[in-house]
Amino acid sequence: MTVSEQLRNDLEDAANRMRISSIEMTCASKSGHPTSSTSAAEIMSTLFFSEMKYDVAEPKSASADRFVLSKGHACPILYAAWEEAGLLSHEQVLSLRKIDSDIEGHPTPRLNFIDVATGSLGQGLGVATGMAYVGKYIDKASYRVFCLLGDGESAEGSVWEAAAFASIYKLDNLVAIVDVNRLGQSQATSLGHDVETYKARFAAFGFNAIIVNGHNVDELLAAYETARSTKGKPTAIIAKTLKGKGIEGIENEDNWHGKPVPEGTVNAIKARFHGSQKGKLVAQKPINDAPAIDLHVGSIKMAAPEYKKGDKVATRAAYGTALAKLGDASPRVIGLDGDTKNSTFSDKLLKKHPDQFIECFIAEQNLVGVAVGAQCRDRTIPFTSTFAAFFTRATDQIRMAAVSFANLKCVGSHVGVSIGEDGPSQMALEDLAIFRTIPGATVFYPTDAVSAERATELAANTKGVVFIRTGRPALPVLYDNEEPFHIGQAKVVKQSAQDKIVLVGSGVTLYESLKAAEELEKEGIHATVIDPFTIKPLDGKTIAEHALKVGGRVVTTEDHYAAGGIGEAVSAALADYPTIRVRSLNVKEVPRSGPPDALVDMYGISARHIVAAVKNFQ
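By the naming in an unreviewed UniProt entry, the protein chain is transketolase, taken from Caenorhabditis elegans. In UniProt, the protein chain has this text filed under Sequence similarities (unreviewed entry): "Belongs to the transketolase family." According to the UniProt record, the Subunit (unreviewed entry) comment for the protein chain reads "Homodimer."

Q: Looking at this model, I keep getting lost on the overall build of the protein chain. Mind explaining?
A: Of regular secondary structure, the protein chain possesses 22 helices and 19 strands. Its C-alpha atoms give the protein chain a radius of gyration of 27 Å, within 12% of the compact-globule value 25 Å for 618 residues. For the protein chain, the C-alpha atoms occupy an extent of roughly 95 × 50 × 40 Å along the three principal directions. Here the contacts in the protein chain between residues at least 6 apart in sequence split such that 80% fall between residues at least 24 apart. Counting 66 positive and 73 negative side-chain charges, the protein chain places the averaged centre of each group 1 Å from the other.

Q: Any chance you could explain the packing of aromatic side chains here in plain terms?
A: Aromatic ring pairs are reported here in terms of the distance separating the ring centres and the angle at which the planes meet. All told, the structure shown has 21 aromatic pairs when counted by the stated rule. For the pair W160 and F202, a centre-to-centre distance of 4.7 Å together with 50 degrees between the ring planes defines the contact as tilted. Note that W160 is positioned in helix α7 (residues 157–168) and F202 in helix α8 (residues 195–204), a separation of 42 residues in sequence. Residue F202 is classed as buried on the basis of its relative accessible area of 0%. Ring plane angle 70 degrees and centroid distance 5.4 Å describe the contact between F444 and F533, whose orientation is recorded as edge-to-face. Of this pair, F444 sits in strand β11 (residues 442–444) while F533 sits in the loop between β16 (526–531) and β17 (534–536), and the two are 89 residues apart along the sequence. Considered together, F444 and F533 belong to a single accessibility category, that of buried residues.

Q: It is not clear to me how the sheet that holds strand β2 (residues 145–150) should be interpreted in this structure. Could you clarify?
A: In a beta sheet, neighbouring strands pair by backbone hydrogen bonds and run either parallel or antiparallel. Ordered by their spatial adjacency, 5 strands build an open sheet running β1-β2-β3-β5-β4, and the pairing between neighbours is parallel. The strands lining the two open edges of the sheet, one partner per strand, are β1 (66–69) and β4 (208–213). Pairs of neighbouring strands in the sheet enclose a mean axial angle of 20 degrees, with direction left out of account. With 6 bridges joining them, strand β3 (residues 174–180) and strand β5 (residues 235–240) adopt parallel strand pairing. Each residue of the ladder has a partner; that of I177, found in β5, is I237. Against the sheet, helix α6 (residues 124–138) engages β1, β2 and β3, with an angle of about 170 degrees to β2.

Q: Please clarify how the domain arrangement of the protein chain should be interpreted in this entry.
A: Note: interface size is frequently given as the accessible area lost on complex formation between the parts. The domains assigned to the protein chain are domain 1 (5–271), domain 2 (311–477) and domain 3 (491–616). Its C-alpha centre places domain 2 at a distance of 25 Å from the equivalent point of domain 3. Contacts between domain 2 and domain 3 engage 37 residues on the former and 31 residues on the latter. Regarding the contact of domain 2 and domain 3, the summed buried area is about 2,600 Å², with carbon and sulfur atoms giving 63% of it. In this structure, the connection of domain 2 to domain 3 is made through 0 salt bridges. For the interface between domain 2 and domain 3, the tally reads 20 residue pairs in polar contact (both at pLDDT 80 or more). At the level of elements, α16 (431–437), β11, α17 (449–460) and β13 (474–476) are the ones that each hand at least two residues to the side of domain 2 that touches domain 3. With 5 residues, the top contributor of residues to the side of domain 2 that touches domain 3 is α16.

Q: Honestly, the side chain of S39 in this entry has me stumped. Any pointers?
A: With respect to the helices and strands, the residue S39 is situated in the loop between α2 (34–38) and α3 (41–51). Under the relative-accessibility criterion, S39 is labelled buried at 0%. Among the polar contacts listed, one links the side chain of S39 to the side chain of D179, at a separation of 2.6 Å. If sequence neighbours within four positions are ignored, S39 has contacts with K71, D179, N181, H215, T241, L242, K243, G244 and K245.

Q: Teacher, can you tell me more about the nonpolar core here?
A: Soluble globular proteins tend to bury their nonpolar side chains together. The biggest cluster of nonpolar side chains holds 87 residues, and the ones touching the most others in it are F435, V554 and V570. Sorting elements by how many residues they give to this core places α6 first, with 8 residues. Beyond its immediate stretch of four places on either side in the chain, V554 contacts I501, V502, V504, A547, V570, L574, I580, R581, V582, R583 and F617. If you look at the next biggest cluster of nonpolar residues, it comprises 49 residues, including V93, L111, L220 and A223.

Q: How should the UniProt feature "domain: Transketolase-like pyrimidine-binding" (unreviewed entry) in the protein chain be read in this particular structure?
A: The residues that UniProt annotates with the feature "domain: Transketolase-like pyrimidine-binding" (unreviewed entry) are residues 313–477. Spanning residues 313–477, this segment combines 39% helix with 19% strand, and its end C-alpha atoms are found 7 Å apart.

Q: What should I look at first to understand the state of the cysteines in this one?
A: Should the sulfur atoms of two cysteines be covalently bonded, the bond is a disulfide. All chains considered together, the criterion is met by 0 disulfides. The cysteine C376 is free of any disulfide, with C147 supplying the nearest cysteine sulfur at 12 Å. Taking the relative accessible area as the measure of exposure, C376 reaches 5% and is therefore buried.

Q: Looking at this structure, I do not really get helix α1 (residues 5–29). What am I missing?
A: Three- or four-residue spacings in an α-helix give side chains the same orientation, since the helix completes a turn every 3.6 residues. In a regular helix each residue adds 1.5 Å, so 25 residues correspond to 36 Å; α1 covers 36 Å between its end C-alpha atoms and thus fits that length. Among the 25 residues of α1, 19 are classified as buried, and the element is accordingly described as predominantly covered. Positioned one or two residues after α1, K30 has a phi angle of 60 degrees, which is positive.

Q: Please explain the sheet that holds strand β18 (residues 553–561) as it appears in this structure.
A: Taking strand neighbours across the sheet as the criterion, the 5 strands line up as β14-β16-β15-β18-β19 in an open arrangement whose pairing is mixed. Both outer strands of the open sheet, β14 (491–494) and β19 (581–587), are each paired with one neighbouring strand and no more. Strand-to-strand, the axes of this sheet are offset by a mean angle of 25 degrees, without reference to chain direction. Two elements, strand β15 (residues 499–505) and β18, share 4 bridges in a ladder whose sense is parallel. Across the sheet, residue G505 finds its bridge partner in β18, namely T557. Sitting on the sheet, helix α19 (residues 540–549) touches β14, β15, β16 and β18, and the angle it makes with β16 is about 175 degrees. With respect to the sheet, helix α22 (residues 607–615) is in contact with β15, β18 and β19, its orientation differing from that of β18 by roughly 145 degrees.

Reading guide: rules and limits
- Residues numbered from 1 in each chain as written.
- Predicted model: local features only at pLDDT ≥ 70, side-chain atom pairs only at ≥ 80, totals over all residues.
- Heavy atoms only, no water.
- UniProt positions renumbered as here; feature names shortened; annotations may be inferred.
- Helix = DSSP H or I, 4+ residues; strand = E, 2+ residues; numbered from the N terminus.
- Rg over C-alpha atoms; globule rule 2.2 N^0.38 Å.
- Contact = heavy atoms within 4.5 Å.
- Lys, Arg positive; Asp, Glu negative; His and termini not counted.
- Charge placed at Lys NZ, Arg CZ, Asp CG, Glu CD.
- Phe/Tyr/Trp six-rings, centres within 6.5 Å; stacked < 30°, edge-to-face > 60°.
- Buried < 20%, exposed > 50% of the residue type's maximum accessible area, 1.4 Å probe, protein only.
- Pairing = 2+ DSSP bridges.
- Axes fitted to C-alpha atoms, helices over the stretch in contact; angles between N-to-C directions.
- Domains from an automatic or database assignment.
- Buried area = accessible area lost by both parts, 1.4 Å probe.
- Salt bridge = Lys/Arg side-chain N within 4 Å of Asp/Glu carboxyl O.
- Polar contact = N/O pair within 3.5 Å; in protein donor to acceptor, adjacent residues only side chain to side chain.
- Core = buried A, V, L, I, M, F, W, Y, C linked by side-chain atoms within 4.5 Å.
- Disulfide = S-S within 2.5 Å.
- Expected span 1.5 Å × (residues − 1).

Here it is as structure tokens:
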């Protein structure tokens, strides 16, 4: 394409104003990443003032193009771009990293132009692919998605999980831009300026890969034009840049990562101005073709459960049934799975509503990343499903989802030793601990099919990160179909005036607690049995009330390791009651393969062990 001299001058001046602002804000904060920012100045000026479509008055409108700064430490250049666009003032950006400022050291959605938090490297492209998938296949809208990555973070496997996904689904509305500035935090990156290898890698993953001089406005604009006209595959622009570009004595020099540069270095950059005025360049307005949708809390209502008490149904199967019902209720409820859908039963949604299902294959980090992208701007309510043990691979993506205030649903099946013969590599025994640590998360552990369906419906109507723990064994239905369930409210499934102990269990261990209560009753020892339903928030009030009635004795039993599990949750909730004592049964070692019932007994969480714990309660 032919670029006019005036447009070139305007974009170069915008880039240099953004460089200066990045330097000034990091000097003001006495910290930050100016050199990582200045390498991307021309990339940002051309994107924000020639290629992307958005409205400054509504930067996160449904129809606007999306931008994900995967190299989140370079956020000064992003803040500078929005300053150049007129959304932020220079005074605002100079508050970078101040405790009372939302202009944080890495971007978060506290700002109205940020969709997701970044800064834990390697995650931006996965999120961007989720946005692009929704744009192409669900919204069917014109908006496009741009993701700026660092070359150092391209060592992360999650980047290549995302690249594979983007290619498989032909996301031609996605543009990945790699800022190849050669230098990492402590030394040169593994490939340095070997842009041909970056190109070959992205091409091998199915991208249209283009090498450009990342400081050349003409080459960048031509690459964007090529990306726009490329159909059937995503585009990767490999931009060769210099870290610290434009900063005299620092450009392309090592040991300047993550530290301010002398403020006087801006003078040399000012000397390069062509005379274009700030505010001259204005982004194109978006095409307003993204459908209006309403996913307010409480709006998703599914049909009631249909079970008979005593019928044996696995909670994982009930989850699948509920997910399909939610798909009936809203076309914006979507399911994502990691090639376990016939075990998690998320395939029930696939069979009924194939357009509301995304197969992410065996790439759990990207599974979560795509879901986080899919929920942005309230376009969908995503339910991710896999074996609960495999969510451990995506713990950082889940952690960052919370930092992004994301509306993410995770459903993990095959929990604990009760899965049986598959053995310890498949047994989730840490999942409750992981999700309980996530700030603001809700953790469901439904025991039967009815409560599993209700947990799924509640999850769809609960903002934030939600985890539902589902089990493999088919166990009897306990509750009436009309039984109401609420977050933070436990169910007392057995009690009498003669009770002397409280037994707390979830899933398989609730059934073991009920068996133990029957055995104890034969010996004249009566027990209250409580199903917590949610482990976070835990209904400590109900457990405490019943514990006080029975003389302060509580036994918890769980198919989970001790750390972070039900026992610790109950102990913490009752810590202020000096007359209540809690004894916890849990899995205490790495288990082995075997029949489920035998393993439950071998690892100390069966009815027999509960009976012994009650009798030996000290």
